[in-house]
Amino acid sequence: MGACKEKDYAIPEAKGVLQNDVIKRSLGPNLVGQKIEFAYAMALPADKGKIVSAQVEASIAGAPTTFLEHRSFYTNSSGVDVGIDIGSPSVNKDNLTTVDFTKDTMAATLRYNYVAPEEARGKAVKFTFTAKSSSGETATYSMGPYNISKMDMKLDLRAVDNAACYISIEDMAVYTAAQAATMPGKIDLVYIYRTPTNYLHSIVSPGSDPQYLPGVTLPAGVNKLTKLVRAWALRDQQLARLQFGVFIDDVDFEKKGFEDAADLALNLKAEAGLWVETADGKYRAYVFINSVTNNTKTAVISIKRYTMK
Amino acid sequence: MKKYIITALVLLAAFAWISCKKENPVDEDGLLITSRAECYVSNFELLGADFQTVRTKNAVIDTTACTIKVEVFFGTDLKNLWPQFSLVTDAKLDPKVTGKVDFSDLANPKEYAVVSGNRQVRKTYKIFITVKP
């Protein structure tokens, strides 16, 4: 009978020491120039002193815009994150990012945004989070390693028919005819808008059959035959910033086959995409159509690009 | 007593006959050969590299002349199309569609044969593709 007796519930005892925990908030491939976000939580019992500093050590020093938040956030009743200052803004020194606390604080959750530098491209990065208390205690937490992708990303390029319509994969930029004439070797694609309902918003290789470039006068030397493979419902979250949890990473570019590629893609709709391989095979890219507007003859595109050789 | 033995033997013989009966016949693809003699294409679809249709309108299927006429969008990459046939019950297609098909030779339309459920009737359909100007 004794075995069946329920134990009385007791509130668990805190460990009585400085403790910490980390979660990674950002999802998907980690890109150079983009943030990797963590939330670093630390706390100790009130009678054990206060937190004096928090720091993060990255195995590869982050870009100068890397920072550890000096505010601890809570979510108010309207669902808005409100920051409370707990110290001075973080200082980056070599691989370390440090926040010194100025408020008497026993618990805080600080966000850490690591901006991947160029040196980290294609490498793995590890992080060590450390908190110090006034009683001399320290708590540490290791995260990683996280791979930094080799690919690059450029968001929201505005292609305009008969104006900024020459797309360069190498530069991940859109140029006008005058600009394109100065760098014909870099132009891989042309954006065209024509009113027939089976044409509309189109992306065509400049070297394609002239019947697919109606009314387009290409600048001298713009003649590359770029490989294109249409894709649909491939809405990479970093490019589309939509609700779909789909990510394109380095490996996708490496494995993508271009045997059945065309050199044009007519009548593109918003949320469509194009796998692209440049004529010299140097770059592979995924061009996502964020939006198209008929009356202004424009398309907003975002590009992820991987260097093959 | 003798009558019972004969009855028993007759029953046994009946079971033996059932168990010896040939299994349901299957063809070289392991598909059941049935008694159906119908042989036609009921629907036809053409998909592009992005698995979206490239038809501008419904394909016109003539089951008497055995032709399928389909108009595709301007600029369609005819080298890489994925045809999809809907066939009458139990029929099968020859050759099989295993992936992308090159339809770019418009002068020589592709041919696909439909074989009926009893594998006795075979009708060859020609696919005529036109590109919307």
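The coordinates are above.
What comes next concerns the included structure.

Scoring rules and cut-offs
Residues numbered from 1 in each chain as written. Chains lettered and ligands numbered in written order. Predicted model: local features only at pLDDT ≥ 70, side-chain atom pairs only at ≥ 80, totals over all residues. Helix = DSSP H or I, 4+ residues; strand = E, 2+ residues; numbered from the N terminus. Buried ≥ 20, exposed ≤ 12 C-beta atoms within 10 Å, placed from the backbone. Contact = placed C-beta atoms within 7 Å. Pairing = 2+ DSSP bridges. Axes fitted to C-alpha atoms, helices over the stretch in contact; angles between N-to-C directions. Nonpolar A, V, L, I, M, F, W, Y, C, P; charged D, E, K, R; others polar.

1. Considering the overall build of chain B
Step number 1: Of the regular secondary structure elements, chain B holds one helix and seven strands.
Step number 2: Split into buried and exposed, the 133 residues of chain B put 20% on the buried side.
Step number 3: Taking the contacts inside chain B whose residues are at least 6 apart along the sequence as the reference set, 58% of them involve residues at least 24 apart.

2. A few points about the pairing of strand β3 (residues 67-72) of chain B
Regular strands show a simple pattern: their side chains alternate between the two faces of the sheet.
All names here are of chain B.
Step number 1: Where burial is concerned, the two faces of β3 differ: the one with Ile 68, Val 70 and Val 72 is buried and the one with Thr 67, Lys 69 and Glu 71 is not.
Step number 2: The pairing of strand β2 (residues 60-62) with β3 spans three bridges and is antiparallel. When the sheet's bridge partners are listed, Ile 61 is paired in β3 with Ile 68.
Step number 3: Taking the residues that link successive antiparallel strands as the turn, the β2-β3 hairpin has four residues, and the phi of Cys 66 there is positive, at about 60°.
Step number 4: Relative to strand β7 (residues 122-131), β3 runs parallel, the two being bridged by six bridges. In the sheet register, Ile 68 faces β7, and the bridge partner there is Ile 127.

3. Quick look at the sheet that holds strand β6 (residues 110-115) of chain B
Working definition: the strands of a sheet are paired by backbone hydrogen bonds and lie parallel or antiparallel to each other.
Residue and element names in this part refer to chain B.
Step number 1: Ordered in space as β2-β3-β7-β6-β5, the five strands form an open sheet in which the pairing is mixed. Only two strands of the sheet have a single partner each, and these edge strands are β2 and β5 (92-94). Geometrically, the sheet is characterised by an average inter-axis angle of 25° between neighbouring strands, direction not taken into account.

4. Quick look at the interface of chain A and chain B
Step number 1: Contacts between the two partners involve twelve residues from chain A and, on the opposite side, twelve residues from chain B.
Step number 2: No other element matches strand β17 (residues 227-232) of chain A, which puts four residues into the side of chain A that touches chain B.
Step number 3: Each residue belonging to the side of chain A that touches chain B can be placed in one class, and the counts come to eight nonpolar, two polar and two charged.

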